[in-house]
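Here's the letter readout for the chains.
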Amino acid sequence: MLIKKLSVFTVLSFGLILIGCVAVESKSNILYLYPKDSSQVVTVFSNYSDNTRTIAVGRHSVSPKSNYVKLDISKIRDDGDAIGICWNKNGHSWEMVNNDAKIVEIKLDTTKYVVRENWLRDKREIPNSAYYEGTDCFVVETFDYSKPKPQENGIVERGIRN
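What you see is a predicted model; the values in this text were computed from it and never measured.

## A word on the pairing of strand β9 (residues 137-141)
Of all five residues in β9, four are buried, a share of seventy percent or more. Here strand β5 (residues 82-89) runs beside β9; their pairing, made up of five bridges, is antiparallel. Bridging across to β9, Ile83 finds its partner in Val140.

Below, the structure is given as structure tokens:
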């Protein structure tokens, strides 16, 4: 009887460990962000187990060695994890924000690409996403599989990291 109980306990323990590993893995993902004309693409690699995010120029399946910015996302709440992006604005190929992220490493041409750590502020000095919801811009939440807002301003593809 004791052996049978131990076997059930072993199977249940193994199952919980496996579920835990799958849950951590599912928190790592890839987003591909495109403007509405699909003329550009940005790849966003999120690794929630080590609280990092890599934003890269172009479409990639693994983190590139150049043309990227690495962010610390440890201070971002799950319910507030969103990226705003504007295409071909103010002389830049794109401008992007990931609110409450901290830039760790930049290997981007900053004359062409802009990455911000916080939402821009409105006239009342309140940070918000309004700038990134205008023409040729959108906001997308990273963790809950949301659609871009406004949806007609771009395309978001979601992938799984290998």
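On we go.
## Some remarks on the state of the cysteines
What the rule picks out here adds up to one disulfide. The disulfide partner of Cys86 is Cys137, and the gap between their sulfur atoms is 2.1 Å. With the S-S dihedral at roughly 110°, the linkage between Cys86 and Cys137 falls on the right-handed side. Remark: Cys137 occurs in strand β9 and Cys86 occurs in strand β5; sequence separation between them is 51 residues. On the accessibility criterion, Cys137 (0% relative accessible area) is buried.

## Section: the nonpolar core
In globular proteins that are soluble, nonpolar side chains generally tend to be buried together. Among the nonpolar cores identified, the biggest contains 23 residues, and Leu33, Val42, Ile55, Ile85, Trp94 and Met96 are the most heavily contacted of them. Put simply, the parts of the chain that give this core at least two residues each are β1 (28-35), β2 (42-47), β3 (52-57), β4 (68-72), β5, β6 (92-98), β8 (113-116) and β9. Here the element with the most residues in this core is β5; it accounts for three residues. Core analysis: the second largest hydrophobic core is formed by seven residues, Ala82, Val97, Tyr132 and Cys137 among them.

Parameters at a glance
- Residues numbered from 1 in each chain as written.
- Predicted model: local features only at pLDDT ≥ 70, side-chain atom pairs only at ≥ 80, totals over all residues.
- Heavy atoms only, no water.
- Buried < 20%, exposed > 50% of the residue type's maximum accessible area, 1.4 Å probe, protein only.
- Helix = DSSP H or I, 4+ residues; strand = E, 2+ residues; numbered from the N terminus.
- Pairing = 2+ DSSP bridges.
- Disulfide = S-S within 2.5 Å.
- Core = buried A, V, L, I, M, F, W, Y, C linked by side-chain atoms within 4.5 Å.

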